[in-house]
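Tertiary structure, described
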Amino acid sequence: MAERVVLAYSGGLDTSVGIGWLKDATGKEVVALAVDVGQEGEDMDVIRQRALDCGAVESIVIDAKDEFANDYIVPALKANALYQKRYPLVSAISRPLIAKHLAATARALGADSVAHGCTGKGNDQVRFEAAVTALAPELTSLAPVRDFALTRDKAIEYAAVHNLPIAQSKKSPYSIDQNVWGRAVETGFLEDPWNAPIEDLYTYTQDPSIPREATEIIITFDQGVPVAVDGKPVTPLEAVVLLNKLAGDQGVGRIDIVEDRLVGIKSREVYESPAGIALITAHEELENVTVERDVARYKRGVEAKWSELVYDGLWFSGLKKSLDAFIEDTQKYVSGDIRLKLHAGTAVVTGRQSKQSLYDFDLATYDTGDSFDQSMAKGFIELWSLPSKIAARRDQAAK
Ligand code: ARG
C-alpha cells in the first residue's frame, strides 16, 4: 500500500491543486482534512466533495467550532491575548487546533506525513509544523507551495490542464484567513503601508462612521469564561457568534497594523475581530475589579509573553503550558457582569459588578464616613521611600 499524507484542506486553489501536486511529487496517497473553525464561506460538504474530485483518496470534514471556542478562544480571552498589544491572534490560535486534527488523523489512518498549503514567508507554516512535531514527532510535514514550488500561476495552469473543479474566477487581490475569532486580510494594495484600507476589505464589521444608535449589552463571566449575554445563557461559541454580530454592526474590532512576523519580515495586516475586541475589553475590566493588584500587574507581563509564544507557533510548548496554569489560577474570581457600550467602532465599559469584587466602596469613597484610616499613609510613605532617602543621602555626601 502506498504511503499516505494528510493535507490540511481549505477548498481553495492552492490546496486543491496541492492534492495532485503532492501525489506527483511523493507518490503518496492524499487524504484531505478540512477543519471547520467557523470560516463560513463555502458549504463544508461542497469542500469535502471537491477534495475527492481533485484526487484525494479520502476526504474528511471536522466540525471543530465548539472545540475552537472552548479550548483555543477561551484561553486567549483569559490571557487578554493581543500580539503587539493589538492583534487578537485570529490565525495564530486556529493553526494548533488544525495541526492537532492533522496529527490525530494521520495516526488513525497510518499516514507517515501531513501537509499544509502555506508559503515559506509566513507564520502559519511554523505554527502548523511546530504543533505537529510537538504532538506527533514521528510525522513529517510537507508544504507543496513552499517546497515543491507550487506558484499561483502553476496552480492555475495545473487546475486547467487537469480540469479540476475550482472556480477560476479572477484572483482576489487579498490573502484572507478567517474563522469565528476574526478575519485577517493581507497583500494587494495593502502592501503599501501608506495606503488606507478601503471599505470593501471588511465583512465582519460595518463602517463605524455611519451614524447609528449605540448598543448596550451586559456580558456575564464565570471564572473568566463568558456564560451569558443580557442574561441569556450562552456557550463560548454562542457568545463569540453573538458578539461578532452586535459589535460588528457597530464597526468594533477593526485593526490596521504593521506587525513583526516570526520569520523577520514586517508585514502590513488588516484584521477584524468584533467579538475578540469586545470580549477582551470586558474581560480585562472584570479582572480590574476582581484580581488583586500584584497578580494583575504580574499577569500583564505574562499576557504579553503568552501572546508572543502563541504568535510564534509554540502553542504546545512547555512554557506556554506553564503560563496557562498561572493564567488559569488568576481566573478563580473573575466572575460577574460587565456593561458594554458598543458604538462608532468602540467598545466601552460603562459598568461592572461582581460578588467577588475587591472594590470596597467604604474604602474608596471621598465622602465622610469612609473606613480608610488616612493617618496610616504618612508612616507608610516614610518606610516605602526609606531606601531612596538613604541612597540620596549617600549620593549627596559623595558630591
Ligand atoms: N499575519 C497574521 C498571523 O500571522 C495573519 C496570517 C493570515 N494568513 C493569511 N493567509 N492571510 O497570524
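Everything numeric in this text was worked out from a predicted model, so none of it was measured.

**Observations regarding the overall build of the protein**
Of regular secondary structure, the protein possesses 14 helices and 14 strands. Structurally, the protein occupies a C-alpha span of about 85 × 55 × 45 Å along its principal axes. Looking at the 399 residues of the protein, the share that counts as buried comes to 46%. Sequence separation of 24 or more characterises 73% of the internal contacts of the protein that already satisfy a separation of 6 or more. Within the structure as shown, the protein displays about 19900 Å² of accessible surface, and the carbon and sulfur contribution to it stands at 54%. The distance from the centre of the 44 positive side-chain charges to the centre of the 59 negative ones in the protein is 5 Å.

**What about unusual backbone geometry?**
The backbone of Gln84 sits at a positive phi, close to 50°, despite the residue not being glycine. Relative to the elements of secondary structure, Gln84 occurs in the loop between helix 3 (65-78) and helix 4 (90-109). Positive phi, normally seen in glycine, also occurs at Ala149, with a value near 50°. Here Ala149 shows up in the loop between helix 6 (144-147) and helix 7 (152-161).

**Remarks on the environment of Arg152**
Topologically, Arg152 is positioned in helix 7. In this structure the C-alpha to C-alpha distance between Arg152 and Asp14, which are 138 residues apart in sequence, comes to 7.4 Å.

**A few points about the sheet that holds strand 6 (residues 175-179)**
Strands pair in a sheet through their backbones, by hydrogen bonds, and they do so in one of two ways: parallel or antiparallel. Read across the sheet, four strands follow the order 6-7-12-11 without closing on themselves; strand pairing throughout is antiparallel. Only two strands of the sheet have a single neighbouring strand rather than two, namely strand 6 and strand 11 (254-260). Direction aside, neighbouring strands of the sheet carry axes that sit 20° apart on average. Most of the contacts of helix 4 go to strand 6, to which it runs at about 70°, and overall it touches strand 6 and strand 7 (182-186).

**Digging into the UniProt feature "binding site: ATP" (unreviewed entry) in the protein**
Under the present numbering, the feature "binding site: ATP" (unreviewed entry) in UniProt falls on Ala8, Tyr9, Ser10, Gly11, Gly12, Leu13, Asp14, Thr15, Ser16 and Gly117. On the basis of their most widely separated C-alpha atoms, the annotated residues across 110 residues gather in one place, lying no more than 12.9 Å apart. With respect to the helices, strands and loops of the structure, Ser16 is situated in helix 1 (residues 13-26). Once residues within four sequence positions are removed from consideration, Ser16 is found in contact with Tyr9, Gly11, Arg50, Cys54, Leu164 and Ile166. Along the chain, Gly117 falls in the loop between strand 4 (113-115) and helix 5 (124-135). What Gly117 contacts, discounting residues up to four positions off in sequence, is Thr15 and Val145.

**A few points about the sheet that holds strand 5 (residues 140-142)**
An order of 3-2-1-4-5 is seen for the five strands of this open sheet, with the pairing classed as parallel. In the strand order of this sheet, the two ends are held by strand 3 (58-63) and strand 5, each with one partner. Across this sheet, the average inter-strand angle for adjacent strands is 25°, counted without regard to direction. Sheet topology note: the strand 1 (residues 4-8)/strand 2 (residues 29-36) ladder contains five bridges and is parallel. Counterpart to Arg4 in the pairing with strand 2 is Glu29. Contacts from helix 1 reach strand 1, strand 2, strand 4 and strand 5 within the one sheet, and its direction differs from that of strand 1 by about 160°. Against the sheet, helix 2 (residues 44-53) contacts strand 2 and strand 3, and its axis sits at roughly 160° relative to strand 3.

**Thoughts on the pairing of strand 11**
Here strand 11 shows a buried face lined by Ile255, Ile257 and Glu259 and an unburied face lined by Arg254, Asp256, Val258 and Asp260. Strand direction decides the pairing type here: strand 11 and strand 12 (residues 266-272), joined by seven bridges, are antiparallel. Bridging across to strand 12, Ile255 finds its partner in Tyr271. The turn linking strand 11 back onto strand 12 is made up of five residues, and Gly264 within it adopts a positive phi angle of 100°.

**With respect to the UniProt feature "binding site: L-citrulline" (unreviewed entry) in the protein**
In this numbering, the UniProt entry assigns the feature "binding site: L-citrulline" (unreviewed entry) to Tyr87, Asn123, Arg127, Ser175, Glu259 and Tyr271. Classification of Ser175 as partly exposed rests on a relative accessible area of 33%. When neighbours within four sequence positions are excluded, Ser175 is seen to be in contact with Ala184, Val185, Glu186 and Thr187. With residues near it in sequence (within four places) discarded, Tyr271 still touches Tyr87, Arg183, Ala184, Tyr202, Gly253, Arg254, Ile255, Ile257 and Glu259.

Conventions and cut-offs
Residues numbered from 1 in each chain as written. Predicted model: local features only at pLDDT ≥ 70, side-chain atom pairs only at ≥ 80, totals over all residues. Heavy atoms only, no water. Helix = DSSP H or I, 4+ residues; strand = E, 2+ residues; numbered from the N terminus. Buried < 20%, exposed > 50% of the residue type's maximum accessible area, 1.4 Å probe, protein only. Contact = heavy atoms within 4.5 Å. Areas by Shrake-Rupley, 256 points an atom, 1.4 Å probe, with all protein chains shown as cover. Lys, Arg positive; Asp, Glu negative; His and termini not counted. Charge placed at Lys NZ, Arg CZ, Asp CG, Glu CD. Pairing = 2+ DSSP bridges. Axes fitted to C-alpha atoms, helices over the stretch in contact; angles between N-to-C directions. UniProt positions renumbered as here; feature names shortened; annotations may be inferred.

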